[in-house]
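Observations on the three-dimensional arrangement
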Amino acid sequence: MIFDLIQRRRSVFPAQYNDTPIAKEDIEKVLEAANWAPTHKKTEPWRFKVLQGQAKERLGKFLSNKYEEVVERPKQMKVRKLLENPVKAGALIAICMQRDPKESLPEWEEVAAVSMAVQNMWLCCTQMGIGAYWSSPGLIKYMDEFFQFNQGERCLGFFYMGYYDGDLPEVARGGIEHKVAWID
């Protein structure tokens, strides 16, 4: 049931991933789920760049070097994490958005559509037993130095994916009654 799947979805971080590779067919299935997200005016603004193999290592080097370049006092633990996390992932997907060239709708609606596409990906990963995590470091504003973007395209973050061992912790949420106002 979908409600159970929604409740089981968790952030699973690169440090929790094991070395089990993710089949290309499974990544394609996750991306196909993304493609069915709602989109106002059918702009379908989501764009994805799948990194595997050496591309993950190149991204880690780029992120760690850029962090050292732009931060006044870089923390070595952060440098190491930026370098290692992409390599730990079974796959890493850059979450990008292609802005409607006509700007026929507000940008926030296209960001929301991309976010819904990522939620579809996350739920699909949960169903398939793949851990996932959406990271949106401040360094994404420099991703045009790493990727070739089309005019109006930009990076919104990274979707880390990997198989993991063991069970994930249960999470409690505050009751919905504290977050809803019923208006007659």
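So, the sheet that holds strand β4 (residues 153–162)
Read from one edge to the other, the open sheet built from four strands follows the order β1-β2-β4-β3, with strand pairing classed as antiparallel. What marks the edges here is a single partner per strand, and that holds for β1 (46–51) and β3 (131–135). For this sheet, the mean angle separating the axes of adjacent strands, direction not counted, is 25 degrees. Two elements, strand β2 (residues 91–98) and β4, share eight bridges in a ladder whose sense is antiparallel. For Ala91, the partnering residue across the bridge sits in β4 and is Met161. In the packing of helix α2 (residues 24–34) onto the sheet, the strands contacted are β1, β2 and β4, and the crossing angle to β1 comes to about 170 degrees.

Quick look at the pairing of β4
For β4, a buried count of nine out of 10 residues is recorded, marking the element as mostly surrounded by other parts of the structure. In the sheet, β3 pairs with β4 via five bridges, with the strands oriented antiparallel. Bridging from a neighbouring strand, Trp134 pairs with Phe159 of β4.

Some remarks on the packing of aromatic side chains
Under the counting rule described, the total for this entry stands at six aromatic pairs. Pairwise contacts between aromatic rings join Phe62, Phe146, Phe147 and Phe149 into one cluster. One Lys or Arg, Arg9, reaches over the ring of Trp122 and ends 4.4 Å from the middle of that ring. Across the ring face of Tyr67, the terminal group of Lys78 is positioned such that the distance to the ring centre comes to 6.0 Å.

With respect to the environment of Asp165
Its location among the elements puts Asp165 in the segment after β4. A distance of 2.9 Å separates a polar atom in the side chain of Asp165 from a polar atom in the side chain of Asn18.

As for a nonpolar patch on the surface
A cluster of nonpolar residues, Met1, Ile2, Phe3 and Ile6, forms a patch on the protein surface that exposes about 470 Å² of accessible area. Tracing the backbone through its elements, the reader meets Met1 in the segment before α1 (2–8).

Section: the nonpolar core
If you look at the biggest cluster of nonpolar residues, it comprises 25 residues, and the most contacted ones within it are Ile22, Met121, Cys125, Phe159 and Met161. Contributing elements (two or more residues each) for this core: α2, β2, α5 (107–128) and β4. Every residue in contact with Phe159, bar those within four places of it in the chain, is listed here: Ala91, Leu92, Ile93, Ile95, Val118, Met121, Trp122, Cys125, Ala132 and Tyr133. If you look at the next biggest cluster of nonpolar residues, it comprises 21 residues, including Val79, Ala89, Cys96 and Tyr160.

Quick word on the side chain of Glu110
Structurally, Glu110 is set in helix α5. Residue class for Glu110 comes out buried when judged on its relative accessible area of 0%. When sequence neighbours within four positions are dropped, the list of residues in contact with Glu110 reads Thr43, Pro45, Met97, Gln98, Arg99, Asp100 and Leu105.

Looking at the packing of helix α3 (residues 54–70) against helix α4 (residues 76–88)
What describes two packed helices is the angle between their axes and the distance between those same axes. Relative orientation of the contacting elements α3 and α4 amounts to 160 degrees, with a least axis distance of 6 Å. Classified by the interaxial angle, the pair formed by α3 and α4 is roughly antiparallel. Crossing handedness for the pair α3 and α4: right-handed. Every residue of α4 that contacts α3 at Lys56, Glu57, Gly60, Lys61, Leu63, Ser64, Tyr67 and Glu68 is listed here: Gln76, Lys78, Val79, Leu82, Leu83, Pro86 and Val87. Tallied by class, residues from the contact of α3 with α4 come to seven nonpolar, three polar and five charged.

A closer look at α4
Its 13 residues give α4 an end-to-end C-alpha distance of 18 Å, which sits within 8% of 18 Å, the value for a rise of 1.5 Å per residue. Considered for burial, the residues of α4 that qualify are Val79, Leu82, Asn85 and Pro86. For α4, the elements touching its buried residues are α3, β2 and β4.

Here is what the cut-offs are and how they apply
- Residues numbered from 1 in each chain as written.
- Predicted model: local features only at pLDDT ≥ 70, side-chain atom pairs only at ≥ 80, totals over all residues.
- Heavy atoms only, no water.
- Pairing = 2+ DSSP bridges.
- Helix = DSSP H or I, 4+ residues; strand = E, 2+ residues; numbered from the N terminus.
- Axes fitted to C-alpha atoms, helices over the stretch in contact; angles between N-to-C directions.
- Contact = heavy atoms within 4.5 Å.
- Buried < 20%, exposed > 50% of the residue type's maximum accessible area, 1.4 Å probe, protein only.
- Phe/Tyr/Trp six-rings, centres within 6.5 Å; stacked < 30°, edge-to-face > 60°.
- Lys NZ or Arg CZ within 6 Å of the ring centre and 35° of its normal.
- Polar contact = N/O pair within 3.5 Å; in protein donor to acceptor, adjacent residues only side chain to side chain.
- Patch = residues over 30% accessible without salt bridge, like charges linked within 9 Å, V, L, I, M, F, W, Y side chains within 5 Å.
- Areas by Shrake-Rupley, 256 points an atom, 1.4 Å probe, with all protein chains shown as cover.
- Salt bridge = Lys/Arg side-chain N within 4 Å of Asp/Glu carboxyl O.
- Core = buried A, V, L, I, M, F, W, Y, C linked by side-chain atoms within 4.5 Å.
- Parallel < 35°, antiparallel > 145°, perpendicular 65-115°, else oblique.
- Left-handed = near helix turned anticlockwise from the far one by under 90°.
- Nonpolar A, V, L, I, M, F, W, Y, C, P; charged D, E, K, R; others polar.
- Expected span 1.5 Å × (residues − 1).

Treat this as a map of the structure, not an account of what it does.
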